Amino acid sequence: VVANLLWNSGVMEKLGLGPDVLLQENPRLIYARLTGFGQSGKYAKCAGHDINYLALSGVLSKMGRKGENPYAPLNLLADFAGGGVMCAFGIVTALYERTRSGKGQIIDASMVEGVAYLSSFLWKSQSLGLWNRPRGENLLDSGAPFCETYKTSDGKFMAVGALEPQFYGQFIKGLGLDSDKLPSQLSFSDWSEMKKKFASTFAQKTQAEWCSIFDGTDACVTPVLSFDEVASHQHNRQRNSFIKNDQDEISPRPAPLLSRTPAVPSFKRDPVIGEHTEEILLEYGFTKQEISKLYSDKVIESSKPKANL
């Protein structure tokens with residue numbers, strides 16, 4: 001498998017390493033090309049970033065609160081989900097197909113198309129009338145008072161996802177409110193006032209106090225944890241969901257968890273860029289003199305950490 005990640009298309013051809021050349025040498029090769037806009041089209045040779053790919057996919061137009069500009073949720077959606085994950089899925093699919101045909105193929109993974117495809121349910125929801133209100137007024141885009149985050153008295157937050165009626169009922173019960181005195185759950189015109197009511201209620205207790213009320217229920221209410229808190233939370237701790245490296249830095253354990261061949265995480269710190277450049281070049285047969293020349297010509301750089309002695 002050959003995989004290349006680039007902002008735009010055509011770069012590998014300029015290097016003489018395009019798929020046409022390499023597939024002639026090895027017809028079984030899987031050649032994955034992951035770019036923002038894909039290998040063809042008006043923007044194919046243009047640079048871009050996650051927010052640009054989200055914008056062109058149509059997905060960004062759905063993100064944001066009522067009355068505010070659209071906003072991108074970090075760079076997780078287009079870069080990692082629509083890009084990396086979908087490209088990896090394409091590679092696995094091509095590898096499986098090769099077991100039948102014995103032939104390789106080229107994967108044109110566009111982050112625009114990847115994130116659009118991941119969001120297919122948005123188009124389906126619109127046609128079913130489930131997501132046809134303006135941005136920030138729908139069920140899952142901060143419009144609904146029962147799918148929202150609320151601030152607690154200690155400045156922390158609780159996340160609410162009480163969508164189904166049975167979960168909503170437990171949510172209202174946990175808040176100590178009388179459902180008979182509240183508007184119907186799906187009364188869109190009352191959502192704004194319901195939000196204010198729920199917000200004022202959450203503001204009366206700390207996050208820990210709300211956890212003691214909602215933990216173990218099906219109200220779909222959970223604490224919004226910071227990076228400093230996730231590893232010590234009881235649920236995550238019981239599953240060993242987060243690990244510490246030899247520098248006591250916390251990171252997520254590899255997922256999903258396989259029963260027979262689970263991933264074995266490294267507990268060493270992440271290398272800095274360039275830390276092992278010289279080591280790898282020596283491993284591949286470069287001499288010390290050749291490496292020194294590469295340094296002097298500024299072809300390579302070294303970033304070896306210095307000892308704190």
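Structure shown above.
To start, this report covers the structure provided alongside it. (Residues numbered from 1 in each chain as written. Predicted model: local features only at pLDDT ≥ 70, side-chain atom pairs only at ≥ 80, totals over all residues. Heavy atoms only, no water.)

1. Digging into the packing of helix 7 (residues 165-175) against helix 8 (residues 191-202)
- Packing of helix 7 against helix 8 brings their axes to within 10 Å, and their N-to-C directions diverge by 50°. One element, helix 7, and the other, helix 8, form an angle in the oblique class. Contacts between helix 7 and helix 8 involve Y168, F171, I172 and L175 from the first element and M194, F198, T201 and F202 from the second.
- By residue class, the composition of the contact of helix 7 with helix 8 is seven nonpolar, one polar and no charged. (Axes fitted to C-alpha atoms, helices over the stretch in contact; angles between N-to-C directions. Helix = DSSP H or I, 4+ residues; strand = E, 2+ residues; numbered from the N terminus. Parallel < 35°, antiparallel > 145°, perpendicular 65-115°, else oblique. Contact = heavy atoms within 4.5 Å. Nonpolar A, V, L, I, M, F, W, Y, C, P; charged D, E, K, R; others polar.)

2. A look at the environment of D141
- When you line up the elements, D141 lands in the loop between helix 6 (120-127) and strand 4 (147-151).
- Along the sequence, D141 and R65 sit 76 residues apart, while their C-alpha atoms lie 7.0 Å from each other.
- In this view, D141 contacts K62, G64, W131, P134, R135 and G136; residues no more than four positions away in its chain are not counted.
- Within the structure, D141 has its side chain in polar contact with the backbone nitrogen of N138 (distance 2.7 Å). (Polar contact = N/O pair within 3.5 Å; in protein donor to acceptor, adjacent residues only side chain to side chain.)

3. Topic: the sheet that holds strand 6 (residues 221-223)
- One open sheet holds the three strands; their spatial order is 4-5-6, and the pairing between them is antiparallel. If you trace the sheet from one side to the other, it starts and ends with strand 4 and strand 6, each paired once. Sheet twist, expressed as the mean angle between neighbouring strand axes with direction ignored, is 25°.
- Here strand 5 (residues 157-161) pairs with strand 6 via three bridges, running antiparallel. (Pairing = 2+ DSSP bridges.)

4. Considerations on the packing of aromatic side chains
- With the rule as written, the count across this model stands at 14 aromatic pairs.
- Taking the centre distance of 5.1 Å and the plane angle of 10° together, the rings of Y150 and F202 count as stacked. You can see Y150 sitting in strand 4 and its partner F202 sitting in helix 8, a full 52 residues away along the chain.
- Accessibility expressed as a relative area gives 4% for Y150, which makes it buried.
- An angle of 55° between the planes, with centres 6.2 Å apart, marks the rings of Y168 and F171 as tilted. (Phe/Tyr/Trp six-rings, centres within 6.5 Å; stacked < 30°, edge-to-face > 60°. Buried < 20%, exposed > 50% of the residue type's maximum accessible area, 1.4 Å probe, protein only.)

5. Structural notes on a negative patch on the surface
- Together, D246, D248, E249 and D270 make up a region of like negative charge exposed at the surface.
- Position of D246 relative to the elements: it lies in the loop between strand 7 (242-244) and strand 8 (250-252). (Patch = residues over 30% accessible without salt bridge, like charges linked within 9 Å, V, L, I, M, F, W, Y side chains within 5 Å. Areas by Shrake-Rupley, 256 points an atom, 1.4 Å probe, with all protein chains shown as cover. Salt bridge = Lys/Arg side-chain N within 4 Å of Asp/Glu carboxyl O. Lys, Arg positive; Asp, Glu negative; His and termini not counted. Charge placed at Lys NZ, Arg CZ, Asp CG, Glu CD.)

6. Points about the pairing of strand 5
- By the alternation rule, side chains of strand 5 split into M158 and V160, which are all buried, and F157, A159 and G161, of which none is buried.
- Judged from the five bridges that link them, strand 4 and strand 5 form a sheet pairing that is antiparallel. By the bridge assignment, T149 is partnered in strand 5 with A159.
- Linking strand 4 to strand 5, which pair antiparallel, is a turn of five residues; within it G155 sits at a positive phi near 80°.

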